[in-house]
Amino acid sequence: MALYLLRRLGFIFLTLLLASIIIFSITQFLPGDVAQMVLGQFATEVAIENLREELGLNLPLHIQYLNWAAGFITGDWGDSLVSRMPVQPMVMQRLGNSAMLAGVAIMIYVPLGIALGVIAALKRDRYPDQAITAVSMAFVGLPEFVTGLLLIAIFAIGLGWLPANSSIDPGSNFVQAFPYLILPAITVSLTGLGYIARMTRSGTIDVLDTDYIRAAELKGLPAAQVLLRHVLRNALLPTVTVVAMGIGWLLGGLIVTETVFGYPGLGRLLVYGIQRRDLPLIQAGSMIVVAVYSLSNLAADIIYGLLNPRIRLGR
Amino acid sequence: MAKDNRGNSKPSSPFSFLKKLRRYPATAIGFIIVFLFILIAIIGPSIAPYPYTEQKLSERLAPPSEEHIFGTDQYGRDIFSRILVGSRDVLLVAGSGTAMAVMLGLLLGLFSGYRGGLLDEIVMRLMDVILSIPPLLLAMVILFSLGPSRLNVIIVVGFLYIPMVARVVRSVVLDLKTRQFVEAARMRGEKSGYILFREIFPNVLPHLAVEASMRFSYAIFLVASLGFLGLGVQPPSPDWGLMVGEARTWFHQARWILLFPAGAIALLVVGVGFMSDGLRRMLLPGGVSDV
Amino acid sequence: MYNPAGSALEDGTAVLQPVLDVRNLTVTYRTDKGPLDIVRNVSLQVAPGEIYGLVGESGSGKTTLARAVVRYLAANGSLTADTLKLGDTDLLTLSRAEMRKVWGSRITMVHQDPGAAVNPSIPVGEQIAEVARVHLHLSPGEARKKALEMLGLVRMPDPESVARRYAHQLSGGMLQRVLIATAMATNPELMIMDEPTTALDVTTEAVILDLLNELMTDYNTAILYITHNLGVVARICSRIGVMYAGEIMEEGPVKKVFRSRLHPYTRGLLGSVPRVDASKKDVHLKAITGQIPRPEELPEGCIFSPRCELAEGDCLIARPPLVQADGDHYTACRRWQELLHLKEKEQHEGPVRGAYDSAKGPLVLEAREIKKHFRSSGGLSSLFSRESGPIKAVDDMSVRLRGGFTMGIVGESGCGKTTFARCLAGLEEATSGEIALEGVTLPYSVNRRKQSDLKKIQMVFQNPDASLNPQHQAGVSVARPLILLGGMNRSEVRSRVRELFRAVNLPEDYIYRLPHELSGGEKQRVAIARAFAADPILMLCDEPISALDVSVQASLINLLAELQEKNETAYLFISHDLAAVRHISDWIAVVYLGRLWEVGSADDVFVPPYHPYTEALLSAIPVPDPEVSQEQIRLRGSVPSAVNIPSGCRFHTRCPRKIGPICEEKEPPWQESGFHHKICCHIPLPRLKEMQGKGCFFNSSAEGEEC
């Protein structure tokens, strides 16, 4: 187990290293000059040169990378080019906000998706299944900006129940933020819901088709016991991995959703950074997203290993 | 050797295909939607009632009427015409991106899976790294440095989906490689090229078709999202995602300028999704659906 | 008309109410092709304490019948019957909820693949206990005690620790015992066993069958035993029903049915099964032509008529009913009386292959000290596991083979016999050793072998479905070796492909068929044609018939023998089926844990002295003849892992004839027993021979020796 963790952590480190190189080098392909960009078209040559010096832009590329990477590891993520404020506290605060939103969304779509998936599997090829499958496929396919705007049209503008705009104060706590979280959370959830429902359905169908479920039924066990103890215990195991893989999707969904609702999360910050060409912000934000994604996958693998006797106990 | 004389083979006429479709209404709907959109993309621009860039400030934000059946936008442009013309954009951009990803992913997956060893290990680790960055984020970052343009969006889509296609192809190749018909081919001294393209590739095709259709639906999703964020195709192009993004400001006054392009996107993505699911059922009857 | 219980009265025995009484049961499935009757008008009765063997090939409807009896059919299936009674209970009138009360308490089931039938994420003890809680209404504590008691009853070593384990931690034989323990926990009236030993090795199968026999003396449970294996029926059943394409062809007490065989299908089946107690010198296998008709295209008359040599007149027009032939012996053949007289003629019919005389012919293969060690694969589970080090799949095997001869390599699953063949083929690169073909040393990897060497070795694989490319027409598969290795031009290839198809008894238009349009046996014929297209001198046959039905197996064995005769090819025939190996081989090598233990001519290996492992195999294999008894030599425990191989003689952990510490400490020597017959054992051969006496098989009625 310890060795396994070590190897997985090693791989995550490698991933982050390569991802950082990719992100760093992509952002270096920028047409035009960063200093020029920051100072605008009418800046003087001298001012630009000074800024270049200040930002280390005259150094060779690999030195620039090493400086940046060393800074990132030690917590010095540089200053925003736009606001001239340190990037790190800003990113971490927004990360917290995104986590809040993601948390609410996960609480909605994971249980609901599992329930729908199991129902669809039990009613396989009959109407409930066809309905759930069609709806979940539609949900998976609908971009968040479409569902988000639709929800705003209905619940904010039409019915006036919930705020259309979620641009809360970035430092708000959960209770203050909650009313503003509902619509964006539902928006993000719909995609995840369809995804979890489909995966749970196929996982459950696989289990329902096994000999050991037939055996359990023919042991004369009550139907509820067969479902709860024999089917679900096996069918929900892969869902752990599915939920983790869905995190990547969730992160993408957050970028769009936060933009739709103006919610001050990491995704909104990244879009903002890109629109303003704020290089340090983009680099740090992207790295954090990659790290979160990698770690959640690791967590899922460990949980899966602990829940699955075949892996936990070995041969 | 190949003669078209298969004894009493199972009938695989287009008729039986239609029969299959009837059993899965969602799949049939999917195929119909995709077919209609392709039709619109081909003839749409020529039947559009107005040029898509024609601005009539006097008629801005006009609600749907006989003249403008989908209404007009903030510049007084005919939304119906823009959607018709935009369909070609969506299908072309997402389609070419998908095609690029499928081609490169196929080659990478085929060779990497077949050769195995260190090359395979390196290629697949690299794919894993790319996959560990959420696609939309990666697309944003790449477009940020390449600059937003139609061509760049195609390149981004193509690049982003290579790892996924390659992974699917590779896993099929790994499975096929150990099948005994491949081993029999090795035992009679077939060249790698023959084994790869004549023995293995035909059996990869059904998986590839399903994967490609799925990637296509994600590509439409991605292109629309990028357009919405203002990082994809730039104005005044009639890109649907872009239209939705621009419409947000006017949304409170004129709901139609948002609903029609958003509806078009939703309809197309869902249609392609249904079609892809149906392809999976028909071409890969063994497995249950799986995202 | 059908009433075996009634006939019991005539015999003077007490009238026993049958446990299971089925009359005119028909099962119908709604399919795309319309409603199909998968089982038609089946009647059978099982008496208390009786083991009733239901025999049939795949597609005979035997499993469907079992499911119908417990009213557990798929959603598109339905059944009609005049009677379906369990004791006094009419099962036809019970609701689903009432059936659930019958399941697991009055009727229990044991399924085919024990590895798949045990829930992987619940400890096995708990899976027995839950039955006790639900049906016997025991408290959790009592139920746990009951589980341990049942595990003890099925002779499970250390029940306490087994109860806590999960499916993946137990061997197939142990899992099957767990399932039997579960099925017996409620002391049911009827236990239905669906191919319970098919997925197990023969030595494990023998232990399970012994266990069933023992249990039946203490319990009054009746067993409906479904199998395709006539040997198993002969060993444990008292009555037998022979099913074919959804109908019962013949039914009666096992001894009567095996002796008088009143249906041509039974005759065909028994004639097509190779017997481990008879060599190819004695019997020619008689294959049944054709294949089981598909349920959507059943013949009008007797369903067996298209494959029956006797069919004529009425046989082709109307379905014959099951008629009483002799007391409690029933048959569905109109002409059963004629069959009685045909009996003597049919034995010893057909050309008998010439036996080997001596080791003449050119030396084709010489494999010396082949080893194949796999590195254990990395991955998620390996990091949690304790074992490490290479898997020694093949650990020093040497074999010599001359042209025109067959060497059979036998061993149980996982013993390394397939890996050995794959090393010879170059599909697996040997770790060390030397492979020489006609005196020329070959490179380990097939990729580095020369065209002329490739031509010499070809292979027939086990799984017919994976053997042919699903996208290529059959003819293409056969033509490629001709083009590549035969250097033929187009027209030569064409005519040679036709010749090869004729040689494997396939119609010429099959050249254009895709694999999914062929049956399993036909696919295997194409694969054989493909292998022979290269005109090899050595043919590696890796379990070529194991995936096929018995009646198809015989025709393929005969085909292989015929082709060998014609082409003087040397065969390496790998199989777990000792009977088939005995039938086709001149030489036999016995493999266990990656090594050879005995090598000799097919005749020598089957008479004492033999290696204790060979002895255990021979006594384990069920012989399809209820009159033959076998010695009861059983192996303890399960095969050790190929990672941690036991010291000294690696068979010592399971050897029933272990003589002492020497077995654990020293590798045993090879001892010469006769002409090219070698045994690797510490026990001196004369003593071994003394221990083993007259051999494994004896005729119980005549007390005569059969070997």
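Predicted model, so just to flag it, every value in this text is computed and none were measured.

Overview of the overall build of chain B
Okay, step 1: Looking only at helices and strands, chain B has 10 helices and zero strands in total.
Okay, step 2: Its helices and strands taken in sequence order, chain B reads α-α-α-α-α-α-α-α-α-α from the N to the C terminus.
Okay, step 3: Residues classed as buried in chain B amount to 56% of the 291 residues present.
Okay, step 4: Within chain B, contacts between residues at least 6 apart in sequence are counted, and of these 71% link residues at least 24 apart.
Okay, step 5: Total accessible area computed for chain B in this model is approximately 12,300 Å², and 65% of it derives from carbon and sulfur atoms.

Details of the packing of helix α9 (residues 211-218) of chain A against helix α10 (residues 223-235) of chain A
Residues and elements named next belong to chain A.
Okay, step 1: Orientation of α9 relative to α10, taken along the N-to-C sense of each, is 170°, at an axis distance of 10 Å. The angle between the axes of α9 and α10 places the two elements in the roughly antiparallel class. Contacts from Y212, I213, A216 and E217 of α9 reach α10 at V226, H230, V231 and N234.
Okay, step 2: Tallied by class, the residues present in the contact of α9 with α10 amount to five nonpolar, two polar and one charged.

A look at the domain arrangement of chain A
All names here are of chain A.
Okay, step 1: Split into domains, chain A comes out as domain 1 (2-74) and domain 2 (88-312).
Okay, step 2: The interface of domain 1 with domain 2 comprises 18 residues on the first partner and 16 residues on the second.
Okay, step 3: Taken together, the connections running from domain 1 to domain 2 amount to zero salt bridges.
Okay, step 4: Run the count over domain 1 and domain 2 and you get one residue pair in polar contact (both at pLDDT 80 or more).
Okay, step 5: Here the side of domain 1 that touches domain 2 is composed, by residue class, of 13 nonpolar, four polar and one charged.

As for the interface of chain A and chain B
Okay, step 1: Listed by partner, the interface residues are 55 residues for chain A and 45 residues for chain B.
Okay, step 2: Between chain A and chain B lies a buried interface of about 4,400 Å² when both sides are counted; carbon and sulfur atoms form 79% of it.
Okay, step 3: When the buried area of chain A at its contact with chain B is split by residue, F145, L149 and I274 of chain A rank highest and sum to 14% of it.
Okay, step 4: Across the chain A-chain B interface, the total number found is two residue pairs in polar contact (both at pLDDT 80 or more).
Okay, step 5: Those elements that place two or more of their residues in the side of chain A that touches chain B are α1 (2-28), α6 (127-141), α7 (144-158), α8 (174-208), α11 (237-261), α12 (266-275) and α13 (279-307) of chain A.
Okay, step 6: Tallied by class, residues from the side of chain A that touches chain B come to 37 nonpolar, 12 polar and six charged.

A few points about the side chain of S445 of chain C
All names here are of chain C.
Okay, step 1: The residue S445 is located in the loop between β18 (440-441) and α15 (451-454) in this model.
Okay, step 2: Under the relative-accessibility criterion, S445 is labelled buried at 4%.
Okay, step 3: When neighbours within four sequence positions are excluded, S445 is seen to be in contact with G426 and E429.

Some points on the pairing of strand β2 (residues 34-46) of chain C
Residues and elements named next belong to chain C.
Okay, step 1: Sheet topology note: the strand β1 (residues 20-31)/β2 ladder contains nine bridges and is antiparallel. The partner of V22 across the bridge, within β2, is L44.
Okay, step 2: Connecting β1 to the antiparallel partner β2 that follows it, the hairpin turn spans two residues.

What about empty space enclosed by the protein?
Okay, step 1: Under the definition given, this model contains 12 cavities of 30 Å³ or more.
Okay, step 2: Quantified by volume, the largest cavity comes out at close to 170 Å³.
Okay, step 3: As for the largest cavity, its lining consists of 19 residues, and the residues nearest its centre are A215 and K219 of chain A together with M109, L179 and T182 of chain C.
Okay, step 4: Tallied by class, the residues present in the lining of the largest cavity amount to 11 nonpolar, seven polar and one charged.
Okay, step 5: Here the second largest cavity is characterised by a volume of approximately 150 Å³.
Okay, step 6: Taken together, 12 residues form the lining of the second largest cavity, with V140 and R198 of chain A together with S217, Y218 and G273 of chain B sitting closest to its centre.
Okay, step 7: Broken down by secondary-structure element, the contributors of at least two residues to the lining of the second largest cavity are α6 of chain A together with α8 (192-229) and α10 (256-283) of chain B.
Okay, step 8: With four residues, α8 of chain B is the largest single contributor of residues to the lining of the second largest cavity.
Okay, step 9: The residue makeup of the lining of the second largest cavity, split by class, is seven nonpolar, four polar and one charged.

Here is what the cut-offs are and how they apply
- Residues numbered from 1 in each chain as written.
- Chains lettered and ligands numbered in written order.
- Predicted model: local features only at pLDDT ≥ 70, side-chain atom pairs only at ≥ 80, totals over all residues.
- Heavy atoms only, no water.
- Helix = DSSP H or I, 4+ residues; strand = E, 2+ residues; numbered from the N terminus.
- Buried < 20%, exposed > 50% of the residue type's maximum accessible area, 1.4 Å probe, protein only.
- Contact = heavy atoms within 4.5 Å.
- Areas by Shrake-Rupley, 256 points an atom, 1.4 Å probe, with all protein chains shown as cover.
- Axes fitted to C-alpha atoms, helices over the stretch in contact; angles between N-to-C directions.
- Parallel < 35°, antiparallel > 145°, perpendicular 65-115°, else oblique.
- Nonpolar A, V, L, I, M, F, W, Y, C, P; charged D, E, K, R; others polar.
- Domains from an automatic or database assignment.
- Salt bridge = Lys/Arg side-chain N within 4 Å of Asp/Glu carboxyl O.
- Polar contact = N/O pair within 3.5 Å; in protein donor to acceptor, adjacent residues only side chain to side chain.
- Buried area = accessible area lost by both parts, 1.4 Å probe.
- Pairing = 2+ DSSP bridges.
- 1 Å grid on protein atoms, 1.4 Å probe; cavity = no way out; pocket = protein on both sides within 12 Å on 5 of 7 lines; lining within 4 Å.
- Points joined across faces, edges and corners; volume = space filled by probe spheres on them.

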